[in-house]
Protein chains: 6
Amino acid sequence: MTDLTHFDEAGASRMVDVGDKPITHRLARASGIVRMQPATRQLILDRKLAKGDVLEVARLAGIMAAKRTGELIPLCHPLPLDAVSIAFSEVDQDALRIEATAEVTAKTGVEMEALTAVSVAALTIYDMCKSVDRAMQIEFIQLEEKSGGRSGHFTR
Amino acid sequence: MTDLTHFDEAGASRMVDVGDKPITHRLARASGIVRMQPATRQLILDRKLAKGDVLEVARLAGIMAAKRTGELIPLCHPLPLDAVSIAFSEVDQDALRIEATAEVTAKTGVEMEALTAVSVAALTIYDMCKSVDRAMQIEFIQLEEKSGGRSGHFTR
Amino acid sequence: MTDLTHFDEAGASRMVDVGDKPITHRLARASGIVRMQPATRQLILDRKLAKGDVLEVARLAGIMAAKRTGELIPLCHPLPLDAVSIAFSEVDQDALRIEATAEVTAKTGVEMEALTAVSVAALTIYDMCKSVDRAMQIEFIQLEEKSGGRSGHFTR
Amino acid sequence: MTDLTHFDEAGASRMVDVGDKPITHRLARASGIVRMQPATRQLILDRKLAKGDVLEVARLAGIMAAKRTGELIPLCHPLPLDAVSIAFSEVDQDALRIEATAEVTAKTGVEMEALTAVSVAALTIYDMCKSVDRAMQIEFIQLEEKSGGRSGHFTR
Amino acid sequence: MTDLTHFDEAGASRMVDVGDKPITHRLARASGIVRMQPATRQLILDRKLAKGDVLEVARLAGIMAAKRTGELIPLCHPLPLDAVSIAFSEVDQDALRIEATAEVTAKTGVEMEALTAVSVAALTIYDMCKSVDRAMQIEFIQLEEKSGGRSGHFTR
Amino acid sequence: MTDLTHFDEAGASRMVDVGDKPITHRLARASGIVRMQPATRQLILDRKLAKGDVLEVARLAGIMAAKRTGELIPLCHPLPLDAVSIAFSEVDQDALRIEATAEVTAKTGVEMEALTAVSVAALTIYDMCKSVDRAMQIEFIQLEEKSGGRSGHFTR
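Keep in mind that what you see is a predicted model, and the values were worked out from it rather than measured.

Participant: With reference to specific residues and values, describe the environment of Ala-135 of chain F.
Facilitator: Residues and elements named next belong to chain F. Among the structural elements, Ala-135 can be located in the loop between helix H5 (111-129) and strand S4 (137-147). Taking relative accessible area as the criterion, Ala-135 reaches 36% and is therefore assigned partly exposed. It is 23 Å that separates the C-alpha atoms of Ala-135 and Leu-60, two residues lying 75 residues apart in sequence.

In structure tokens:
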């Protein structure tokens, strides 16, 4: 198994040097599930019932968090994102799925930006609905696809 | 089902007015799982093999993120946290569990702070190990306990 | 005319000492106008035409900015806001009005938070619509009401 | 009228993809007015009377805010600014004018950075002088000039 | 020697629980020296020669950084500062001294806020003058006084 | 002596225009000393005694602060860092030395990033150990090396 690149030979954490890596177009797609009571899901999907748009709030929170990934994840490089988008879809009777796509033209990948967007969007759904469903769960946050770097095209 | 408190009668999002709520001691405990290859888990747990301490990096990232919850979650109140701590435990052969506890003496609860700490600690584990295990999953982020508010003591 | 409180006797800027001021409930209300082409205004108000909700994005941006007022305005005290809300109303044929209300239980007032919420909401409307109306203007950002401090109740 | 670019076909907000746009030098100039009592204006302009330099504080606040535009405006791209400057000028007997210029070599424009710089500089003047003139107004924040992008050279 | 309070019994870092500590008025005073060429010092002190006020920029940077101490120092509590001020004095022929005072009414002390204010003010002096004196040194950043907590009144 | 570049001809502070400067690889190395009681130093170096790793916490704080240098230092350009690392070494019986290296491929140098990393790492050591040694001093923060810009290779 290869070494963890965020530690040097002496075990010290560091921001990996990407100075010599080529600048390429990079894309990452990540997803996650928010599990909830069917009634909560119905409330979110029916904006009239909810009297507001939970998913639009979550979407903006996720996009804004993606831009601050480098502040949150200690050894992540700050990246000048080209694009971020978040889509929601209906899965099962008791869950919503979040998918975030991030793109950049840079020396290093945007997996963490896509994963952070999904995570903060999910946390925001929880925050918006916790008064009616405190037991919601955030599940299966994972990388779906990654392209553009030296490590090749990854799809789950 | 009650209304979502983050929307007003007209459906506009808002920071709920907590001005009249009493200041009480509040605690929230949240957890999550990072699922990974057994070899990755072994690498994390054996600091000599990893040449560094992944979990300590993740712990600090989670604690620091908890302090910025009000910046990340759009309608969350900014809170002067009394304490935040994060513990890791070994579950299964292919997973690590994260548990965060947040405390505050304030007018509103700290669920979002505890959940944010777990989420960002999990994302940081992913970031530190993604070079060896890109398929890791973050699972079952959930509230475990909440005490101190009007809604009473919640345990999952 | 009294001195500017943000300078000391020697002319140095400073965060004014509020240590001895009583903690009271404080409210501030501020407003502003975004002037635009009638067609732009129509586009914003007709969410189907716009294919999205410009005002909800602006509202969230304003609320989130209010929470960060202490980071933006150099000598402002950081405040644990109790509540922030933003309302939009239709004025004239070529303008929308923004009104923000901020509340806190603290030693100092929340005028700057309310004014910052209005300003950033207005900037966000500009950003969302600049592709169709680059000449929009932000006008008449002003304090409407302030209560709760030593200086008494102010209304414009 | 063209669509609002910050929404996709389904009405979801997004950070527009600028990945394919060429990197060019871009400049934006924005302005705004702070209306105040003539005595307040006199106080600001006479640094001895004020015992400090209100405009220098406002200038720094505006420059620092320009650098954080991508954090404040939800769908704005983070930009590595080449330059930001702010100039003040005396207009009328009861007003000061703020003009900010921002430059970048990037795929997207810096209008929002220039407008944010003006807005936060204006808010800071308000904050510095509110103890003597609570009724000040911020007026006519607008784009004056924009160059360097596909949409050509704009001047008001 | 007592244990380091920021680690628990198992060696994990944590934000110390201050929930049971009384809220008291707390003050901390810290200082530091910036050593430079006499000509650089002369340039800073003679605002006409410098064509601007280096120390005022440094002062604002220090005050603003003090407000963000809880974001910079991983295990620091976020604190609602009552007051921050920074004074400069002339020492020796080749140095300037910075002194910052921070005050809060809270459960924990403001040493880190005062020390952060001094550090960032010193870094800003360096940044403003590095084009003329790259070899400047920041020296002797230290706590001068601390009062208000359980540990009693400290003076160096 | 040349002028201070952060002021324009009229004495106004500004972010210097780097639009016409070439993009080159740039490196900066800075260092600093934390002076403490020999027993404190022993405690830090013996992780078992300390029950935790003070230097790893300080290292992460320094790296994370380097990424936010543009937010802290008013007229600094925001930079997309390629790499940041921090090393500690044992000097004297009563001191530890911190050395930070920052690299970027950009139009302007990374001195401030390296100096900020050292400063915040030093402040974090102070914070972690202040309960046992309040009189610690941060000394001799200075630039050690700088390469890659128009001003040539600097070494102290």
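Picking up after the structure, the text goes on.
Participant: Break down the pairing of strand S2 (residues 83-91) of chain E for me, citing the residues and quoting the values.
Facilitator: Residues and elements named next belong to chain E. Here nine bridges tie S2 to strand S3 (residues 95-106), and the two strands are oriented antiparallel to one another. Within S3, the residue paired with Phe-88 across the bridge is Ile-98. If you look at the hairpin formed by S2 and S3, you'll find three residues sitting between the two strands, and Asp-92 has a positive phi there, around 50 degrees.

Participant: Break down the packing of helix H3 (residues 54-67) of chain F against H5 of chain F for me, citing the residues and quoting the values.
Facilitator: Residue and element names in this part refer to chain F. Remark: H3 packs on H5, axes separated minimally by 7 Å, with the N-to-C direction vectors making an angle of 145 degrees. When the axes of H3 and H5 are compared, the crossing they make is right-handed. For the pair formed by H3 and H5, the contact residues are Val-54, Leu-55, Val-57, Ala-58, Ala-61, Gly-62, Ala-65 and Ala-66 on the first element and Glu-113, Thr-116, Ala-117, Val-120, Ala-121, Thr-124, Ile-125, Met-128 and Cys-129 on the second.

Participant: So, the packing of aromatic side chains: which residues are in play, and what are the values?
Facilitator: Applying the stated rule across the entire model yields three aromatic pairs over all chains. On the basis of an interplanar angle of 65 degrees and a centroid distance of 5.7 Å, the ring pair of Phe-140 of chain A and Phe-140 of chain B is categorised as edge-to-face. Of this pair, Phe-140 of chain A sits in strand S4 (residues 137-147) while Phe-140 of chain B sits in strand S4 (residues 137-147), which puts the two residues in different chains. By relative accessible area, Phe-140 of chain A is classed as partly exposed at 29%.

Participant: Before we move on, can you summarise the interface of chain C and chain D with the specific residues and values?
Facilitator: With 61 residues of chain C at the contact, the number on the chain D side is 61 residues. Across the chain C to chain D interface the summed buried area is about 5100 Å²; carbon plus sulfur atoms make up 65%. The interface formed by chain C and chain D includes four salt bridges. One salt bridge connects Glu-71 of chain C with Arg-68 of chain D, and the closest N-O pair in it is separated by 2.8 Å. For the pair chain C and chain D, the number of links is 14 residue pairs in polar contact (both at pLDDT 80 or more). At the level of secondary structure, the elements contributing two or more residues to the side of chain C that touches chain D comprise helix H1 (38-45), helix H3 (54-67), helix H4 (69-72), helix H5 (111-129) and strand S4 (137-147) of chain C. Residue contributions to the side of chain C that touches chain D peak at 12 residues, all from H5 of chain C.

Reading guide: rules and limits
- Residues numbered from 1 in each chain as written.
- Chains lettered and ligands numbered in written order.
- Predicted model: local features only at pLDDT ≥ 70, side-chain atom pairs only at ≥ 80, totals over all residues.
- Heavy atoms only, no water.
- Helix = DSSP H or I, 4+ residues; strand = E, 2+ residues; numbered from the N terminus.
- Buried < 20%, exposed > 50% of the residue type's maximum accessible area, 1.4 Å probe, protein only.
- Pairing = 2+ DSSP bridges.
- Axes fitted to C-alpha atoms, helices over the stretch in contact; angles between N-to-C directions.
- Left-handed = near helix turned anticlockwise from the far one by under 90°.
- Contact = heavy atoms within 4.5 Å.
- Phe/Tyr/Trp six-rings, centres within 6.5 Å; stacked < 30°, edge-to-face > 60°.
- Buried area = accessible area lost by both parts, 1.4 Å probe.
- Salt bridge = Lys/Arg side-chain N within 4 Å of Asp/Glu carboxyl O.
- Polar contact = N/O pair within 3.5 Å; in protein donor to acceptor, adjacent residues only side chain to side chain.

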